[in-house]
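Given next are the chains, with one letter for each unit.
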Protein chains: 2
Amino acid sequence: MRERIQVLFGEPLTPAQAVARILAEVRERGDAALRQWSQRLDGWSAESFRLPPEALQNAFERLPVDLRQALQVAASRIEAFHRRQPLTSWIAQDLGGTLGQLVRPIRRVGIYVPGGSAPLPSTVLMSAIPARVAGVREIALVTPPQRESALPADVILAAAAIAGVDEVYVLGGAQAIAALAYGTETIPRVDKIVGPGNLFVTLAKQQVYGVVGIDGLAGPTETVIIADDTARPEWVAADLLAQAEHDVLAAAILLTPSPTLAHQVQQAVARQAETLPRREILALSLVERSGIVLTRDLEEAITLSNAYAPEHLNLVVADPWRWVEKIESAGGIFVGERSYEVLGDYAAGPSHVMPTGGSARFASPLNVWDFVRLISLVALDPQTAEEVGRVSACLARAEGLEAHARAADLRSSEVCAG
Amino acid sequence: MRERIQVLFGEPLTPAQAVARILAEVRERGDAALRQWSQRLDGWSAESFRLPPEALQNAFERLPVDLRQALQVAASRIEAFHRRQPLTSWIAQDLGGTLGQLVRPIRRVGIYVPGGSAPLPSTVLMSAIPARVAGVREIALVTPPQRESALPADVILAAAAIAGVDEVYVLGGAQAIAALAYGTETIPRVDKIVGPGNLFVTLAKQQVYGVVGIDGLAGPTETVIIADDTARPEWVAADLLAQAEHDVLAAAILLTPSPTLAHQVQQAVARQAETLPRREILALSLVERSGIVLTRDLEEAITLSNAYAPEHLNLVVADPWRWVEKIESAGGIFVGERSYEVLGDYAAGPSHVMPTGGSARFASPLNVWDFVRLISLVALDPQTAEEVGRVSACLARAEGLEAHARAADLRSSEVCAG
């Protein structure tokens with residue numbers, strides 16, 4: 001796509017510059033620009049990009065029963081998990097009046113669901129369900145057209161139906177992010193955009209950040225497995241391969257103090273990989289981004305993992321709970337060989353949208369808090385207001401803000417000279 | 001500064017391009033680049049930008065007693081408020097195993113405190129105290145040198161001492177943000193950067209977002225006052241002027257259904273403004289950004305305010321609590337004429353770092369949650385792992401991820417064909 005954009009613009013542009021131009025055009029010209037860019041980049045355009053609401057339920061009914069049930073089980077587990085997340089307003093009456101913070105759901109949220117080589121219904125569930133649990137009133141989903149047909153895959157639409165998505169727009173790339181951020185004649189703007197995407201989507205999210213909220217900037221996925229001699233090599237190998245098949249930039253890393261395990265896993269990876277369909281992706285991600293690290297002991301494995309701050313961390317060791325409290329940075333901790341990371345991708349409960357690229361140092365998995373805002377509440381009693389007023393006048397005069405100080409003086413019996 | 005940067009670069013650059021270049025240079029060349037840019041833009045450089053730790057306490061002891069006490073009262077109220085914020089890990093045992101989310105403080109945080117025409121000790125308290133309450137281990141503060149001396153103002157350092165700041169670096173602008181984000185030989189990188197700044201600081205924060213966390217992109221400050229006939233015009237006028245004196249872009253807006261109040265406030269603003277020192281700023285912010293809007297009724301005032309999503313909202317009406325629940329978007333709600341916004345700037349309790357420019361649609365005031373991360377925890381019991389495994393295999397095959405499905409198959413008695 002990068003080359004295509006450069007040719008279209010008639011001059012060499014960095015991806016960030018190309019994205020800036022698409023955003024500016026959609027912002028200025030709305031649907032007309034959207035139609036042009038969608039036609040140019042995705043080979044598709046329409047009078048309205050929105051699917052009729054009944055398309056979602058119809059797609060659901062076309063799915064095989066197994067898949068329908070799988071989506072429903074996953075959805076109900078994701079919902080049950082996020083309903084447990086504490087999310088309440090709080091009020092204190094003993095801080096000199098009534099003070100606290102009110103929780104308010106974000107009104108309207110946009111979710112980006114990538115197209116790519118295979119449709120990802122799990123991303124629909126993992127993004128939309130926490131939003132719905134938080135009480136978001138309107139959920140709009142954008143997803144690019146498939147190459148074969150203008151419609152998104154049935155399984156995407158079915159997941160949207162189950163997750164309670166309100167609107168689906170067949171739109172991808174930076175132009176979809178622009179439509180969500182600025183709004184057009186036919187697409188009302190949203191308050192926050194969540195969901196992963198390719199480089200252009202990520203750059204567009206970064207550039208519209210501030211105009212709307214965003215959930216973060218997703219990078220390639222990562223899994224660290226910390227294992228000892230008690231681990232089964234075949235299972236560890238399968239988990240590394242599952243991670244590595246995501247894409248050529250995916251990282252699958254085993255940290256172990258056991259040379260025996262390291263050796264056995266290495267052999268099992270090679271053996272299992274032979275029969276897998278995404279061998280070309282595996283060849284790159286395993287060689288370029290993945291590996292087995294022999295550590296002095298488990299302590300050192302934990303230290304390395306904390307420094308790396310992986311998206312996923314799987315503890316396959318004799319006494320995993322002993323180590324959980326030592327984990328400082330990770331998107332998710334999977335405890336024991338029965339809680340392998342693949343379960344977290346689909347149906348364990350937590351959202352699979354987790355911080356990548358070391359951003360677990362400062363960021364959290366997508367969760368219900370991402371879909372609410374706090375409003376601080378200040379209602380002081382008269383005596384406290386008087387005391388706080390005097391203090392405020394002192395500080396305001398130290399900051400050279402005389403009008404601030406006078407607003408306090410007006411209500412006070414005593415004036416602070418600063 | 002914009003012109004200065006352009007001259008220095010020898011070619012016209014947008015501010016964003018100038019910032020990108022400063023960030024890249026500091027990233028590549030560390031302290032050497034930092035010294036060059038600090039010398040060029042702030043006229044100051046040093047072998048080490050860090051102040052000796054004792055400088056903070058010494059500055060505190062040089063302050064007048066009144067101001068020391070005011071800082072301490074403000075700090076203790078801000079701390080008491082943030083200690084009430086619910087912030088706990090949670091664990092559920094009835095979702096088929098042990099699932100939950102662990103709360104972990106961010107390890108190291110950087111705080112930017114602007115220089116500008118007057119030092120802002122309140123910003124130090126309002127940023128550092130929520131971080132300390134959250135359990136952040138290391139708090140590093142950056143603030144530009146004053147024009148008269150290389151040292152920051154005593155009142156800034158004293159506030160840093162009270163708030164428990166660990167390190168102070170005399171550095172401003174985009175170069176300070178670069179040092180915090182990437183680290184240098186003498187300044188360890190941080191995990192998250194918070195605090196307001198000028199255009200260059202804001203652009204730098206936007207550009208390093210993803211490498212580190214940021215709190216948001218601060219814009220000009222705003223206050224909306226909703227008042228009825230019960231309001232005292234002199235007090236409302238004083239509150240509007242306090243807001244408007246911040247800077248020429250500050251917005252102070254009165255929404256009222258009362259023509260009488262509107263008229264009286266208008267006159268009081270003119271009268272009070274005459275005796276205020278920052279008249280030139282007021283002349284611009286009042287004329288360009290502020291105003292009085294006559295509404296049909298209070299209901300319409302609330303509707304307008306919700307659409308504007310102000311940083312601060314003050315309810316000066318007969319029955320303010322009746323309206324609180326109708327407020328959908330605001331950084332803070334100040335209830336009644338005794339809880340005026342100036343108190344929130346200094347010592348009411350909540351952080352005064354609140355979302356501006358309509359970002360209250362999606363963002364919250366700075367709070368304890370900004371300084372922690374969640375880690376999702378998954379430890380399924382064997383039966384649930386088996387069920388979730390089958391569901392995951394179905395969904396993985398629908399997504400074309402065969403290695404995912406096989407990791408599940410290995411552990412299952414029943415295979416999903418997808």
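Computed from a predicted model, the values in this text were never measured in an experiment.

Here we come to the overall build of chain A. Counting secondary structure elements, chain A contains 17 helices and 13 strands. Overall, the C-alpha framework of chain A stretches about 85 × 60 × 45 Å when taken along its three principal axes. The buried share of chain A, taken over its 418 residues, is 61%. Pairs at least 24 apart in sequence give 72% of the contacts found in chain A among residues at least 6 apart. Split by element, the accessible area of chain A, about 15,300 Å² in all, is 51% carbon and sulfur. For chain A, the distance from the average site of its 37 positive side-chain charges to the average site of its 48 negative ones is 4 Å.

Taken together, eight strands build an open sheet; the order of strands is 10(A)-9(A)-8(A)-11(A)-12(A)-13(B)-2(B)-1(B) and the sheet is mixed. The open sheet has two free edges, formed respectively by strand 10 (291-294) of chain A together with strand 1 (90-92) of chain B, since each of these has just one partner strand. Ignoring which end each strand starts from, the neighbouring axes of this sheet average 15 degrees apart. By the bridge criterion, nine bridges tie strand 2 (residues 97-105) of chain B to strand 13 (residues 372-380) of chain B in an arrangement that is antiparallel. Bridge pairing in strand 13 of chain B places B:L102 opposite B:I375.

With that out of the way, let us pick up the pairing of strand 2 of chain B. Residue and element names in this part refer to chain B. Most of strand 2 sits out of view: eight of its nine residues are buried. As paired strands, strand 1 and strand 2 are joined by three bridges and run antiparallel to one another. Each bridged residue has a counterpart across the sheet, and for W90 the counterpart in strand 2 is Q101.

Our focus in this paragraph is the domain arrangement of chain A. Domain boundaries in chain A define domain 1 (54-216), domain 2 (222-362) and domain 3 (381-410). A C-alpha centroid distance of 56 Å is found between domain 2 of chain A and domain 3 of chain A.

Take a nonpolar patch on the surface next. All names here are of chain A. A grouping of V248, L249 and L284 is seen on the molecular surface, where their side chains present a nonpolar patch of about 220 Å² in accessible area. Looking at the element boundaries, V248 is found in the loop between helix 10 (233-244) and strand 9 (251-256). With a relative accessible area of 35%, V248 lands in the partly exposed category.

We now examine the environment of A:V342. Position of A:V342 among the secondary structure elements: in helix 15 (residues 341-346). Classification of A:V342 by relative accessible area gives buried; the value is 2%. For A:V342, the residues in contact, after removing those within four places along its chain, are A:A242, B:S392, B:H404 and B:A407.

So, about the side chain of B:K205. All names here are of chain B. By secondary structure assignment, the location of K205 is in helix 9 (residues 199-208). Residue class for K205 comes out buried when judged on its relative accessible area of 3%. Discounting chain neighbours no more than four positions away, the residues touching K205 are I177, I193, V194, G195, I214, D215, G216 and L217.

Tallying the contact residues gives 120 residues for chain A and 120 residues for chain B. Here chain A packs against chain B, burying approximately 10,600 Å² in sum over the two surfaces, 61% of which is carbon and sulfur. At the junction of chain A with chain B, the criterion picks out eight salt bridges. Our count for the contact surface shared by chain A and chain B stands at 57 residue pairs in polar contact (both at pLDDT 80 or more). Per element, the largest residue contribution to the side of chain A that touches chain B is 11 residues, and it comes from helix 16 (residues 382-398) of chain A. Bridge count between strand 12 (residues 332-335) of chain A and strand 13 of chain B: three bridges; the pairing is parallel. Among the inter-strand pairings, A:I333 is bridged to a residue of strand 13 of chain B, identified as B:L377.

Moving on to the UniProt feature "binding site: NAD(+)" (unreviewed entry) in chain A. Residue and element names in this part refer to chain A. Residues annotated by UniProt as "binding site: NAD(+)" (unreviewed entry) correspond here to Y112, Q175 and N198. Maximum C-alpha separation among the annotated residues is 12.7 Å over a sequence range of 87 residues, consistent with a single clustered spot. Its place among the elements puts Q175 in helix 8 (residues 173-182). Judged by relative accessible area, Q175 falls into the buried class, the value being 1%.

This next bit is on the sheet that holds strand 12 (residues 332-335) of chain B. As summarised here, the arrangement of the eight strands in space is 1(A)-2(A)-13(A)-12(B)-11(B)-8(B)-9(B)-10(B), forming an open sheet in which the pairing is mixed. Each of the sheet's edge strands pairs with one partner strand only, and the pair in question is strand 1 (90-92) of chain A together with strand 10 (291-294) of chain B. Geometrically, the sheet is characterised by an average inter-axis angle of 15 degrees between neighbouring strands, direction not taken into account. Inspection of the sheet shows strand 11 (residues 312-316) of chain B paired to strand 12 of chain B by four bridges, in the parallel sense. Residue pairing for strand 12 of chain B: B:H312 is matched across the bridge by B:G332. Helix 13 (residues 298-308) of chain B rests against strand 8 (222-227), strand 9 (251-256), strand 10 and strand 11 of chain B of the sheet, and its axis sits at about 170 degrees to strand 8 of chain B.

Overlay of chain A on chain B (RMSD 0.0 Å): rotation 180 degrees, translation along the axis 0.0 Å. The operation mapping one copy onto its partner corresponds to a two-fold rotation axis. Every residue of chain A has its C-alpha some distance from the rotation axis, and the shortest such distance is that of A:Q206, at 3.9 Å.

Glancing now at unusual backbone geometry. Here A:A309, not a glycine, exhibits a phi torsion of approximately 55 degrees, which is positive. With respect to the secondary-structure elements, A:A309 resides in the loop between helix 13 (298-308) and strand 11 (312-316).

Looking now at helix 4 (residues 54-62) of chain A. Residue and element names in this part refer to chain A. Looking only at helix 4, the buried set comprises A55, L56, A59 and F60. The arc that holds the buried residues of helix 4, viewed along the axis, is 140 degrees, so those residues lie on one side. Packed against the buried residues of helix 4 are helix 5 (65-83), helix 7 (154-163) and strand 5 (167-170).

Rules of the game
- Residues numbered from 1 in each chain as written.
- Chains lettered and ligands numbered in written order.
- Predicted model: local features only at pLDDT ≥ 70, side-chain atom pairs only at ≥ 80, totals over all residues.
- Heavy atoms only, no water.
- Helix = DSSP H or I, 4+ residues; strand = E, 2+ residues; numbered from the N terminus.
- Buried < 20%, exposed > 50% of the residue type's maximum accessible area, 1.4 Å probe, protein only.
- Contact = heavy atoms within 4.5 Å.
- Areas by Shrake-Rupley, 256 points an atom, 1.4 Å probe, with all protein chains shown as cover.
- Lys, Arg positive; Asp, Glu negative; His and termini not counted.
- Charge placed at Lys NZ, Arg CZ, Asp CG, Glu CD.
- Pairing = 2+ DSSP bridges.
- Axes fitted to C-alpha atoms, helices over the stretch in contact; angles between N-to-C directions.
- Domains from an automatic or database assignment.
- Patch = residues over 30% accessible without salt bridge, like charges linked within 9 Å, V, L, I, M, F, W, Y side chains within 5 Å.
- Salt bridge = Lys/Arg side-chain N within 4 Å of Asp/Glu carboxyl O.
- Buried area = accessible area lost by both parts, 1.4 Å probe.
- Polar contact = N/O pair within 3.5 Å; in protein donor to acceptor, adjacent residues only side chain to side chain.
- UniProt positions renumbered as here; feature names shortened; annotations may be inferred.
- Least-squares fit on C-alpha atoms with pLDDT ≥ 70 in both.
- Arc of directions from axis to C-beta.

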